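The residues making up each chain are set out below.
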Amino acid sequence: MPIELFNKDGHLCLMFTDLCREGGEAVQSNQFLLIDNKTGVIVDPGGNLAYGELYLGMTQHFAPHQLSAIIASHADPDIIASLDRWMTATATAKVYISRIWERFVPHFCKSGKTTGRIVGIPDPGMRIPLGRGHLLALPAHFLHSEGNFQFYDPVSRILFSGDLGASLGHGLDAQTPVTSLAEHLPYMEGFHRRYMVANKVLRHWAQMVRKLPIDMIVPQHGAPMKGPAVQEFIDWVETLSCGIDLMTDRDYAIPG
Ligand SMILES: [Fe+2]
Ligand SMILES: [Fe+2]
């Protein structure tokens, strides 16, 4: 069953959390269906593990073949490896992904399937139409992928943050939003230190998102953050050393 993150005046944000659970080989991940005034898009639909159940679960809320867009924060397997099947299922939906991945994602598909259907998001971001309004594709480059976007919904004031804000690990409840960051940090810290590229980009990101009214940050793995946890998370990552900040000669030694 999906979680209803927002539902008001024909605008609906649904999160699927349990299509590939923590504990198996594959990392738990979230997929999103956003609907406005009978238009629907999916955000980070995931890989082949999620496809079948996501398709079925979606049919109760929206006819998958009528989706107008497949939106990807970056090009990782847990984000978009199911692209071939979504291209078949949706016939005319456009794929929105960073311009720097535009010519790489066709490798997920059979030859010719993506022709004329990929919209490369330019580095500064763009507006992506959704029903009566739009989503904002916000630059999140190197958080963690070189061409990375997050998606801000001005109606629900939800920031779909991709891998930034992810929480992982045993005992984590991905379905229940956290309101306080402190007890949630053990599920986040190791991931952010290794998968985020550098503190420099986190500082740029924090500066950008502080200008937006955000009610919820919803990552692609683990639990959403709301209430005080939103600002606490922004403050936390702004000072976090990660990725290349932590690399030394020891990390580049030839294995024995
Ligand atoms: Fe990723
Ligand atoms: Fe991911």
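Up top you'll find the structure we're talking about.
Every chain's residues receive numbers from 1 upward, in the order its sequence appears when written. Numbering of ligands from 1 and lettering of chains from A proceed in the order in which they are written. Only residues with pLDDT of at least 70 are given local features in this predicted model, and only at 80 or more are side-chain atom pairs given and counted; all residues enter the totals for whole chains, interfaces and linings. As a rule here, side-chain values cover all heavy atoms of the structure and leave hydrogens and water aside.

## Describing helix α5 (residues 199–209)
Summary of the burial criterion: residues with accessible area below 20% of their type's maximum are buried, those above 50% are exposed, and those between are partly exposed, where the area comes from a 1.4 Å probe applied to protein chains only. Helix and strand assignments come from DSSP, with helices taken as H or I runs of at least 4 residues and strands as E runs of at least 2, each series counted from the N terminus. Residues of α5 that are buried: Asn199, Val201, Leu202, Trp205, Ala206 and Val209. Projected down its long axis, α5 carries its buried residues within an arc of 155°, all on one side. Across from the buried face of α5, at angles greater than 90 degrees, the exposed residues are Lys200 and Gln207. Whether two residues touch is decided by their heavy atoms; if any such pair falls within 4.5 Å, the residues are in contact. Looking at the buried positions of α5, the neighbouring elements they touch are β9 (133–139), β10 (149–153), β11 (158–162), β12 (216–219) and α6 (228–238). Working definition: the arc comes from the directions between the helix axis and the C-beta atoms, pointing outward to the latter.

## Overview of the coordination of the iron ion (ligand 1)
Within the protein, the atoms that donate to the iron ion (ligand 1) are His74 (NE2), Asp76 (OD), His144 (NE2) and Asp163 (OD), at distances of 2.1 to 2.2 Å. Coordination partners: N, O, S within 2.8 Å of the metal, 3.2 Å for Na, K and Ca; water not considered, so apparent gaps in a site are possible. Only four donors with every angle between 85 and 135 degrees are called tetrahedral; only four or six donors with opposite donors over 155 degrees apart and all others between 65 and 115 are called square planar or octahedral, in that order; all others are irregular. Because the angles between the 4 donor atoms bound to the iron ion (ligand 1) fall within 79 to 174°, the donor set is best described as irregular. Along the chain, the residues that donate to the iron ion (ligand 1) are spaced as H-x1-D-x67-H-x18-D. A distance of 3.6 Å spans the gap from the iron ion (ligand 1) to the iron ion (ligand 2), which aspartate 163 bridges by coordinating each metal. Here the residue aspartate 76 occupies a position in the loop between β5 (69–71) and α2 (77–80), and histidine 144 occupies one in the loop between β9 and β10, the gap between them amounting to 68 residues.

## Topic: the packing of aromatic side chains
What counts as a ring pair is set by centres within 6.5 Å for rings of Phe, Tyr and Trp (its six-membered ring), and what kind of pair is set by the plane angle: stacked under 30 degrees, edge-to-face over 60, tilted for all other angles. Within the structure shown, the criterion is met by 8 aromatic pairs. Between tryptophan 101 and phenylalanine 104, the aromatic rings sit 5.5 Å apart at their centres with planes inclined by 85°, giving edge-to-face as the arrangement. Aromatic rings pair up to connect Tyr51, Tyr55 and Trp86 into one cluster.

## Remarks on the coordination of the iron ion (ligand 2)
Summarising the metal site, the iron ion (ligand 2) is bound by the protein donors Asp78 (OD), Asp163 (OD), Gln220 (OE1) and His221 (NE2), whose distances to it range over 2.1 to 2.2 Å. Taken together, the 4 donor atoms surrounding the iron ion (ligand 2) define angles of 84 to 171° at the centre, an arrangement classified as irregular. One chain supplies every donor for the iron ion (ligand 2), spaced along it as D-x84-D-x56-Q-H. Under the relative-accessibility criterion, glutamine 220 is labelled buried at 0%.

## Regarding the sheet that holds strand β1 (residues 3–8)
A pair of strands is considered paired only if DSSP assigns at least 2 bridges between the two. Spatial strand order, β1-β2-β3-β4-β5-β6-β7: 7 strands in an open sheet with mixed pairing. Each having just a single partner strand, β1 and β7 (118–121) make up the two edges of the open sheet. Strand-to-strand twist of the sheet, defined as the mean angle between neighbouring strand axes without regard to direction, takes the value 15°. Here helix α3 (residues 83–90) sits on the sheet in contact with β4 (39–43), β5 and β6 (94–98), set at roughly 165° to β5. Lines are fitted to the C-alpha atoms to define the axes, a helix being fitted only along its stretch in contact, and any angle between axes, read from their N-to-C directions, falls within 0 to 180 degrees.

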